[in-house]
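What follows is each chain in one-letter form.
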Amino acid sequence: MKILMVCLGNICRSPLAEGIMKTKLPENCIVDSAGTISMHEGEHPDKRAIKTAANHTIDISRQRSRPITTADFENFDKIYCMDEGVLADAISKTENEEQRQKVSLFLEVLGDHKNTEVPDPYWGDMKDFENVFQLLDKGCEKIAENLFLKS
Ligand code: 4NP
C-alpha cells in the first residue's frame, strides 16, 4: 500500500500526517507527503510541526517539502487531501478516472459530514498545531484500521 498525504505547502499538515501514518502501518507500506504549491520546496517542516510531532515522540525533522507531480497519481494507491481547496487542485491534476478515484478528503474517513477539512495551522499557534495533530491522529488510526480490516 502506498499512501500520499497532501496539503498546500507540505510544511505543516501533510508532514504531520505522514509522520503519524508511518507509526500506524507496517514498514512495507509506503507513506509520503506533498504540497499543491511549490513555494516551500526543499524546506523542512515548520518548526512548530516538528515540535508538535516530537511532543508525541514522532520525528518529522528530516522531511522536505515537495510539490505533487503527475507521477504521484500513478505511483500511489491512496491520495488524501487536507481540505477542499487542496482536493480541487489535486483532482485538476489527474489525467484519468482511475487516478481520480485515488483522491479523497482525508477527514472523509471519519464520516463526520460537518468537519471535512483539517484546518490550516500555519497562521495559528502551538495549540492549533496540537489540535491538528489530534485530528490527524484520529484519521490515520481509522485509515489503518480500514486497511487491516480489508486485508
Ligand atoms: P500546510 O500549511 O499547507 O499545512 O503546509 C501552509 C504552509 C504554508 C502556506 C500556507 C499553508 N503558505 O502560504 O506559505
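As a starting point, this report considers the structure included with it. (Residues numbered from 1 in each chain as written. Predicted model: local features only at pLDDT ≥ 70, side-chain atom pairs only at ≥ 80, totals over all residues. Heavy atoms only, no water.)

### A word on the site of the ligand
Line of reasoning, step 1. In the vicinity of the ligand, the contacting residues are Cys7, Leu8, Gly9, Asn10, Ile11, Cys12, Arg13, Met39, His40, Asp120, Tyr122 and Trp123.
Line of reasoning, step 2. Between the ligand and isoleucine 11 there is a distance of 3.0 Å, counted from an oxygen atom to a backbone nitrogen or oxygen.
Line of reasoning, step 3. Considered on its own, the ligand offers 350 Å² of accessible surface; in the complex 94% of this is hidden by protein.
Line of reasoning, step 4. Among the residues making up the shell around the ligand, the classes are represented as 7 nonpolar, 3 polar and 2 charged. (Near = heavy atom within 4 Å. Polar contact = N/O pair within 3.5 Å; in protein donor to acceptor, adjacent residues only side chain to side chain. Areas by Shrake-Rupley, 256 points an atom, 1.4 Å probe, with all protein chains shown as cover. Nonpolar A, V, L, I, M, F, W, Y, C, P; charged D, E, K, R; others polar.)

### Brief notes about the environment of lysine 102
Line of reasoning, step 1. Turning to its location among the elements, lysine 102 is positioned in the loop between α5 (97-101) and β4 (103-105).
Line of reasoning, step 2. Once the C-alpha coordinates of lysine 102 and aspartate 77 are considered, the two residues, 25 residues apart in sequence, prove to be 6.1 Å apart.
Line of reasoning, step 3. The residues contacting lysine 102, other than those within four sequence positions of it, are Phe73, Glu74, Phe76, Asp77, Lys78 and Ile79. (Helix = DSSP H or I, 4+ residues; strand = E, 2+ residues; numbered from the N terminus. Contact = heavy atoms within 4.5 Å.)

### Considerations on the packing of aromatic side chains
Line of reasoning, step 1. Counted by the stated rule, this structure contains 2 aromatic pairs.
Line of reasoning, step 2. Ring plane angle 85° and centroid distance 6.2 Å describe the contact between tyrosine 80 and phenylalanine 106, whose orientation is recorded as edge-to-face. On the criterion of sequence distance, the pair formed by tyrosine 80 in strand β3 (residues 78-81) and phenylalanine 106 in the loop between β4 and α6 (126-150) is long-range, its members being 26 residues apart.
Line of reasoning, step 3. The exposure class assigned to tyrosine 80 is buried, which follows from its relative accessible area of 9%.
Line of reasoning, step 4. For phenylalanine 106, a relative accessible area of 0% puts it in the buried group. (Phe/Tyr/Trp six-rings, centres within 6.5 Å; stacked < 30°, edge-to-face > 60°. Buried < 20%, exposed > 50% of the residue type's maximum accessible area, 1.4 Å probe, protein only.)

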